[in-house]
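Notes for the structure review
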Amino acid sequence: MNVHLVEETPWRHRIDPVDPMRVPGVVFAPHELLPLDPGDKALEQVANVAALPGIVRASYAMPDIHWGYGFPIGGVAATDVAAGGVVSPGGVGFDICCGVRLLASPLDRRGLLPHLPALMDRLDPLIPRGLGRGALWRMGRSQLHEVLRGGARYAVERGHGVARDLERCEDGGAVTDADDRQVGDRALERGAAQVGSLGSANHFLEIQTVDRVYDERCAEAFGLRPGQVCVMIHCGSRGLGHQICTDHVRLMDAVMHRHRITVPDRQLACAPVESAEGRAYLGAMAAAANYARANRQLLADETRHVFEELTGTGLDLVYDVSHNLAKLERRTVDGEERLLCVHRKGATRALPPGHPDLPADLAPVGQPVLVPGTMGTASYVLTGTDGNLAFDSCCHGAGRVWSRHRAQRECDVPRLRTEMTRAGVALRPTSWRSATEEVPQAYKDVDAVVTASTENRLGRPVARLVPLGVLKG
DNA sequence: ATGTGC
């Protein structure tokens, strides 16, 4: 599809609908954040998504947009369920319910620094990560099914956390519509040995410090203050989510013609939400969402124990939120209340103040939006705002600009070591060679992404965090 | 993202 971009404001671009688009594309990015390299398909993907059956309002892209499978990463699309609206696994991504969890320590930077080497030495062998096997929890099939149904709630019931953790998780730590019968054998097999593991690529566990607070009232409600030490965990549903995505893309690809659906790109395989295939995917996706939440709960619990042992202090959960999920949400569209299937892929839910799904203590200030940066660069906490045009969605990170291949070509191991030392970051990768794929230059400037999010009313910055120690896959 | 795949 040929994409013609129109600059709507200095911060936002529009793609006017041409056949087969049903709605416009809206890219919440200034010119310098647009993926304009020759051969980059991300903007074409925004236009392709606009052709999905039942899509309402627009095909949206966040400022950290980059090329993905079918949908761009940073894509948001909502379909009207009653109007034959579809759900597409490519609109969620392979890492179902990939997300971020932020924990706050009572220590400040000065109090923590003497403990940092010991903390890193202890966490390094304890936190399973990388492509190989190894996980905090080894389990049989029946316990895995409990995880798929109970998510972080089940982990807490088994002693891995406290009740307050669940209040600070999106959906209270578990969704109720998981259907573990829709999770195939191969996915179960891969999932059983990976609960409590980070994975690889841009997944990490970081010890951070609050570098700057932009909104004191929100920061206080979130439990954050300048100089404070935090732990940020970024991971997802590992091989289980990956296998579920693979399986259901294949299923939908095979039956799309029966539903009389045509899409501009085969990677947009989809089925009506109200079809056997649509319901099956959403049930399996919800099971993977619970798995990812249990995964983050276990990793947080283990980190908490290490902090207690070595510093004598605890860690409070600030929030846990996904940026790869589809959700059924009731929303007003053109003055009518509709049930929508909102796909967020590399986009974080960002509920505004007063939203009924927020816990009471967060209702006055809005939902914490957790935006991980790249290793050696900042991460952000934003809050949801009123007037968000993208179904209460915000950016999810910096957004890749170099392919993994190009990053390896541009950055060798000595250079990465030098850069991390200069940034004052203690990096513990499982492989230095693969860590070069994650060199900060391979990503957009996270500060610019957050500015663009703010200017487009997708969220408002609350705090900026910088890394002290990084564990990577 | 991923036991790196048709």
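This section reports on the structure supplied with the text. Every chain's residues receive numbers from 1 upward, in the order its sequence appears when written. Labels follow written order: the first chain is A, the first ligand is 1, and so on. Reporting of local features is limited, given that this is a predicted model, to residues whose pLDDT is at least 70; pairs of side-chain atoms are given and counted only at 80 or more, and all residues count toward the totals for whole chains, interfaces and linings. Side-chain measures were taken over the full set of non-hydrogen atoms in the model, leaving aside hydrogen atoms and water.

Remarks on empty space enclosed by the protein
In this analysis, the protein atoms alone were mapped onto a 1 Å grid. Cavities are point sets where a 1.4 Å probe fits without being able to get out; pockets are open sets with protein on both sides within 12 Å along at least five of seven lines; lining residues have an atom within 4 Å of a point. Grid points are joined across faces, edges and corners, and a volume is the space filled by probe spheres set on the points. Taken as a whole and assessed by the stated rule, the structure comprises one cavity of 30 Å³ or more. For the lining of the largest cavity, the per-class residue count stands at two nonpolar, one polar and four charged. Gly falls in the polar group here, along with every residue not listed as nonpolar (Ala, Val, Leu, Ile, Met, Phe, Trp, Tyr, Cys, Pro) or charged (Asp, Glu, Lys, Arg).

Concerning unusual backbone geometry
In this chain, Asp19 is followed by Pro20 through a cis amide linkage whose omega measures 5°. By the element assignment, Pro20 lies in the loop between strand E2 (12-15) and strand E3 (25-27). Even without a glycine there, the phi angle at Arg260 is positive, about 55°. Helix and strand definitions follow DSSP, with helices as H or I runs of at least four residues and strands as E runs of at least two, each counted in order from the N terminus. When you line up the elements, Arg260 lands in the loop between helix H8 (238-255) and strand E10 (271-272). Among the residues examined, Arg260 registers a relative accessible area of 75% and is labelled exposed. Relative accessible area decides the class of each residue, using a 1.4 Å probe on protein chains only: under 20% of the type maximum gives buried, over 50% gives exposed, and in between gives partly exposed.

A closer look at the protein's contact with DNA strand B
Near DNA strand B lie 16 residues; those nearest to it are Leu131, Arg190, Ser200, Asn202 and Arg238. When at least one non-hydrogen atom of a residue lies within 4 Å of a molecule or strand, that residue is treated as near it. Considering the 4 Å shell around the protein, atoms of DNA strand B inside it are sugar or phosphate in 56% of instances. Here a polar contact is taken to be a pair of N or O atoms separated by no more than 3.5 Å, where protein atoms must pair a possible hydrogen donor with a possible acceptor and residues adjacent in sequence count only if both atoms sit in side chains. Contact distances for DNA strand B include 3.0 Å between a phosphate oxygen and a side-chain N or O atom of Ser200. Looking at the surface near DNA strand B, the elements that each hand over two or more residues are helix H6 (185-192) and H8. Take the surface near DNA strand B: its biggest share by element is four residues, from H8. Across the surface near DNA strand B, the residue classes break down as three nonpolar, eight polar and five charged.

Focus: the nonpolar core
Among buried residues, those of type Ala, Val, Leu, Ile, Met, Phe, Trp, Tyr and Cys that are joined through side-chain atoms within 4.5 Å constitute a nonpolar core. In terms of nonpolar packing, the biggest core is built from 128 residues, with Tyr60, Met62, Ile96, Leu102, Val183 and Leu224 touching the most fellow members. Per element, the largest residue contribution to this core is 12 residues, and it comes from helix H9 (residues 276-311). Between two residues, a contact is recorded if the distance between any of their heavy atoms is within 4.5 Å. Each residue touching Ile96, except ones within four places of it in the same chain, is listed here: Ser237, Gly241, Ile244, Cys245, Tyr281, Met285, Ala288, Ala289, Ala292, Asn324 and Leu325. Core analysis: the next-biggest nonpolar cluster, separate from the first, contains 27 residues, Leu107, Ala152, Leu166 and Phe307 among them.

Some points on H8
By this rule, a helix spans an expected 1.5 Å times one less than how many residues it contains. Look at H8: 27 Å from first C-alpha to last across 18 residues, which is about the 26 Å you get at 1.5 Å a residue. Every buried residue belonging to H8 is among Arg238, Gly239, Leu240, Gly241, Gln243, Ile244, Cys245, His248, Val249, Met252 and Val255, and all of these are buried. Buried positions along H8 lie against strand E6 (86-87), helix H4 (141-157), H6, E10 and H9.

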